[in-house]
Structures are given as C-alpha cells and as structure tokens.
Amino acid sequence: MIFRLFHESILMRFWWICLLTASCAVNAQPSNVRQLNEPALTARQQVDVRSIRLYRAGLARTLEYVQAQPQVFPNKRIERNLLLEADRALARNVWRSVLDYQLVLEAIQNFHGHFFWLKNKVSRERSLFATYAAHVARYRFALDFIERVENNPGLAKVLNEPVPDLGLEQGAYDRFKFNFLNRGLGTQFAALSVLQKSSRHQDESGLAAAIQTDSARIWQLGQGKGEAMTLGNAFATLRTLGRQAVFPVQAGVSEWMGDTKVLRHDHALISDAQIAAMAPRLQPGDVMLQRREWYVSNVGLPGFWSHAALYIGTPDTRRAYFDDPDVRAWVKTQGVANGDFETLLRQRHARAYATSLAPQPHGHLSQVLEAISEGVSFTTLEHSASADSLVVLRPRLSKQDKAYALLRAYGYAGRPYDFDFDFQTDSSLVCTELIFKAYEPSAVFQGVHMQPETIVGRLAIPANSIARQFDAEYATPTQQWDMVLFLDGLERNKRAEEADVDRFRISWKRPKWHVLLPDLKQARNSDTQ
C-alpha cells in the first residue's frame, strides 16, 4: 500500500509540474515571489497574510464542526461501524470543505515558498512568515482531521471516493494522508520553524498567536522531527525539498491574490461590448450568477457558479420600470403620496440611496448591489459583469414584488461581508444571502423559495444551488425563474459566447476547478457526459 501510494504521488507530482509549466508558458504570469518587483511583492504579502488568517479560521471552524459530530468523527478509536447515508453525506461535506481550504492555503504557501531567493531581507522574512503561517495551518488541521478520521475505520472508504469538484479521483483520502504523514513534510516543518525563530519580522496581522498554537499542536502530535536542525541546513533542506502539492489543480493556481484575479488578470472572457449589449436586456430585480475562472473565491462553498449579484438599474431605469399602477398603489400604502417608488427608496434608505449615486470610475453609474469582500456594495454593471461566465435570471414575480425585494435589498447596503457564510444572522452577508433575503417569501410577499444547504453545520445557499434548482424546476409548474441571457466562458478560446438554456441547465454540474483538471477540454465538457 505505501509503495503504491508513493508511486502514485511521484506520478501525480510529475503531472503537476507539467501542468504548471504549461500554465505559466501560456499566461506568462508570476508563479512565485521571485518574479514580483518590491512594491508588487509588498502588496501581495499583505493580501496573502490576510487571506491566510481568513482561511485558517475556515479550517478551524470546520474542525470544530468535526469535533461536534462524534457519531461520525469519534474522539477515540471505535470498531468499524455502518455509516448511514446521512452520516456519509455529512462526512463528504466536511471533506470537501477541508480540501477547499487546504487548496488555497497551499497556493499561498507555494507562491511564497521561494522566499529564500529574495535578496531584500525584509521581503524575504515577510514571505517566510506567509509560508510558515500557511504551512502550519495546513499541517496542524490536516493532522487533527486525520486523527478523527482514523478513529472510525469506515470513514476512509467514504473519503476515498472521487471528489469531482476538486478533480480528485478514487483514493483521495489515502493520498491526502500520505502527504501529511511523511517524514519529508515533518522535515519541512522543522526547517521552517528554525528559520522563523531566527526572523526579526514583526507580525501586525494577528496571526502570531495562531501560528504558535498550530506549531505547538504539530509538535504534540509528534510530526515535527528535526529539533537539532541548524539555520544553515534549514535553508538547504527547503531548497532540496521544493514544493509539495496534494491537489491536481494546485499547479494551475500559480498566482494567488486573495479575492484578486490570478493567472489571466488582464481581462475577463466577457467583453465590454457584450456587457454594453446586455444592459438593455436587463430589468431591476434580475439576478446575475457569475463565474470568474481564476478567482479562488467563496472557498468552502461548492460548485461551478461562485457569485451572485442583484441588478437594481439606475434611477431612470427604475422610475420607468416601476411606473406601474400596482406599484404606485402599494407605494402609497407606504406613506408616499405620489406613489413614486424612487421617492420611497430614497426616503426609506437615505444613506444607501446617496451612496448608490456616488461617482464611479469612467463615468459609469451604479446598477448592481452585491456582497463582495468589501461588504454589501453598489457597483457598476461594467465592473460586476466583467466575469468569465454569467447568467441573468429573472424571477417570475410582479413588478410590485420586485419593488418590495429591492426595497429590502437596499436595507442591507453597507453591511460587512460574511466570511462565516452564516445565513442565520443579518449583521453581515455573503453574496447569495443578499439574494435570499431580498426575495425571501413572507405573508405579504410571494418571493422566491430557495433551498438552503447545510455546509459544515451552517445553512447557506451557494450560487451553484440556485442554478441547480433552476434546472430541477425548469418547465414545471413550480418554475420560479426565467433565463434572460447566458454568456458561457470558453477559456481555451479566450472569449465568452451566448448559449442557450439547455447548456445553462447543466452548467451547475461542472467541477469547481474544471479549467485546471488534467484534460481541460474533457473537464470543460464533463457536464455533457
């Protein structure tokens, strides 16, 4: 078994190197810290440390959930037991989340892992810090996860099933375990620990305490060998070991920028001309599902579609659209004598309304409300729709109901982004949570019934589930959305093309990292199989 796993690991790493070489040759983008100038490197380091903190917290929450599920992840060794379907589903859910967070942390670690070649000492120590922080977070929580899984012999079989979202085939858990339970990784940890202790880098990110906790836990679990390693051979050890990867997609993520584009950051597949042509087809209340291929966004949430945004239009388009007898009658019941919805919106949410009118770059107007990392923000259509794939869905609701939804949505403007993906709270929101709460049915509002999923103990609605629900309801009496437009990105052709509803209906089946899988063409079309 160990020999087979080792052989597979060597073959996989050979393939990863080939894919990385191809990716960098085609895209000609920085693949490590050596290829950035000092200002760009400093900015990158700041963003990546912030990202480590966020995704380490995601791993910590996932492990807390694991510890709260002793019927699946027992705290001590048990005999093999029969896992019910609900237990198997819970285990797969957790496993996918663990892998997702591991993926992005490894991307950061690998990018900064060439720190020892940097000539500037300050820059070198900042990238060392990022490398070490990502490494110990990955290592510590992987060991904790493996410890729980190994307490239940039946779990390994479940977790060894293929994980199409991440391009992992049969035996994924065995390879994951082998990666974290080998002497090479322990030696790498020991070498990084020695270098970090000698560093004079002053941490201002708040990660130092977490690093200390993670490091202590690794030593406790006995994986960090090499206490006697010296500073000199620590550098040599890291140069010799090079980069290690678990995920087939990892080699393709050669530039990580938190929620900034990677690899192809000069343009989106959807063109400016397509966005301009899209605008007249939109109506206030439309929902846009979006996909950006080289964003590693919404980590911890599954699926091809990764973002959702609400089209609100401009004051002029809203005034024309909502010039409707039913809307005017309803607005009058809200205390606006002239029945003008725009007046109601401005009176009810004065601060948000003023913000929506603020000047935008290039003279564009705010036409979209969306929850992004900066919070629930008003953005331009030109900015929001600059994606690689995009679909516009229109709820089958009256204009009065859409006006009600927009009035609700304005009430969430300015609230922070919900990095916990917790739909139970209103204090902060994730992208689909804004859509869900704007269209949530009530006694006086038909709304749209969306189906939350339990993801690592939290109720959420990934953007992909909206597409999946559309597919399930299509051409049935329960259909709640109409598709207005689908621009499907073709990465190989560097463009997006308008596609029909049949192609959109199966888009949600695409793997999350489909453009990075071994056979890109096959992966891109896997939903048609």
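Keep in mind that what you see is a predicted model, and the values were worked out from it rather than measured.

Procedures and definitions
Residues numbered from 1 in each chain as written. Predicted model: local features only at pLDDT ≥ 70, side-chain atom pairs only at ≥ 80, totals over all residues. Heavy atoms only, no water. Helix = DSSP H or I, 4+ residues; strand = E, 2+ residues; numbered from the N terminus. Core = buried A, V, L, I, M, F, W, Y, C linked by side-chain atoms within 4.5 Å. Buried < 20%, exposed > 50% of the residue type's maximum accessible area, 1.4 Å probe, protein only. Pairing = 2+ DSSP bridges. Lys, Arg positive; Asp, Glu negative; His and termini not counted. Salt bridge = Lys/Arg side-chain N within 4 Å of Asp/Glu carboxyl O. Contact = heavy atoms within 4.5 Å. Axes fitted to C-alpha atoms, helices over the stretch in contact; angles between N-to-C directions. Parallel < 35°, antiparallel > 145°, perpendicular 65-115°, else oblique. Left-handed = near helix turned anticlockwise from the far one by under 90°. Expected span 1.5 Å × (residues − 1). Nonpolar A, V, L, I, M, F, W, Y, C, P; charged D, E, K, R; others polar.

Caption draft 1: Examining unusual backbone geometry more closely. With a phi close to 65°, His-362 is a non-glycine residue in the positive phi region. Along the chain, the position of His-362 falls in the loop between α14 (350-356) and β3 (366-372). A positive phi angle is found at Ala-475, which is not glycine, with a value near 60°. Structurally, Ala-475 is set in the loop between α18 (463-473) and β8 (481-490).

Caption draft 2: Structural view of the nonpolar core. Counting residues in each nonpolar core, the largest one holds 57 residues, and the members touching the most others are Phe-73, Phe-145, Tyr-173 and Phe-176. Put simply, the parts of the chain that give this core at least two residues each are α2 (38-67), α3 (85-112), α4 (121-150), α5 (153-159), α6 (172-180), α7 (183-198) and α8 (208-220). At 15 residues, α4 tops the list of elements feeding residues into this core. The next biggest cluster of nonpolar side chains, apart from the first, holds 51 residues, and it includes Tyr-321, Cys-431, Ile-461 and Ala-467.

Caption draft 3: Main features of the pairing of strand β9 (residues 495-498). When β8 meets β9, the two strands line up antiparallel, connected through four bridges. Looking across to β9, one finds that Asp-488 is bridged to Glu-497. Hairpin connection between β8 and β9: a loop of four residues separates the two successive antiparallel strands, and Lys-494 in this loop has a positive phi of roughly 55°.

Caption draft 4: A look at the side chain of Lys-402. Mapped onto the elements of the fold, Lys-402 is located in helix α16 (residues 399-410). Of the side chains with opposite charge, Asp-286 lies nearest to the buried Lys-402, which makes no salt bridge, at 4.9 Å. Setting aside residues no more than four positions away along its own chain, Lys-402 makes contact with Gln-283, Pro-284, Tyr-321, Phe-322, Arg-394, Pro-395, Leu-397 and Tyr-439.

Caption draft 5: Representation of the packing of α4 against α8 within the structure. Remark: α4 packs on α8, axes separated minimally by 9 Å, with the N-to-C direction vectors making an angle of 50°. Regarding the angle of α4 to α8, the classification is oblique. As α4 runs across α8, the sense of the crossing is left-handed. For the pair α4 and α8, the contacting residues are Phe-129, Tyr-132, Ala-133, Val-136, Ala-137, Tyr-139, Arg-140, Phe-141, Leu-143, Asp-144 and Glu-147 in the first and Ile-211, Thr-213, Asp-214, Ser-215, Arg-217 and Ile-218 in the second.

Caption draft 6: Up close: the sheet that holds strand β2 (residues 307-311). Here seven strands make up an open sheet; going across it, the order is β4-β3-β2-β1-β5-β8-β9 and the pairing antiparallel. Looking at strand neighbours, the two that pair on one side only are β4 (375-380) and β9, the edges of this open sheet. Averaged over all adjacent pairs, the angle separating strand axes in this sheet is 25°, with direction ignored. In the sheet, β2 pairs with β3 via two bridges, with the strands oriented antiparallel. In the sheet register, Tyr-311 faces β3, and the bridge partner there is Val-368. Here helix α17 (residues 431-438) sits on the sheet and contacts β1 (287-291), β2, β3 and β4; the angle it forms with β2, its principal contact strand, is near 45°. α18 rests against β1, β2, β5 (389-395) and β8 of the sheet, and its axis sits at about 120° to β8.

Caption draft 7: The arrangement of α3 in detail. Between its terminal C-alpha atoms α3 stretches 41 Å, which fits the 40 Å expected from 28 residues at 1.5 Å a residue. The element α3 is largely enclosed, with a buried count of 21 among its 28 residues.

Caption draft 8: The packing of α2 against α4, seen in detail. Relative orientation of the contacting elements α2 and α4 amounts to 15°, with a least axis distance of 10 Å. Taken together, the axes of α2 and α4 are roughly parallel relative to one another. Handedness of the crossing formed by α2 with α4: left-handed. Partitioning the contact of α2 with α4 into residue classes produces 14 nonpolar, five polar and six charged.

Caption draft 9: Up close: the pattern of salt bridges. The tally for this structure, following the rule as stated, stands at 24 salt bridges. Where Asp-471 meets Arg-505, a salt bridge forms, and the shortest distance between an N and an O atom there is 2.9 Å. Here Asp-471 is found in helix α18, whereas its partner Arg-505 is found in helix α19 (residues 501-507), with 34 residues between them in sequence. Judged by its relative accessible area of 15%, Asp-471 is buried.

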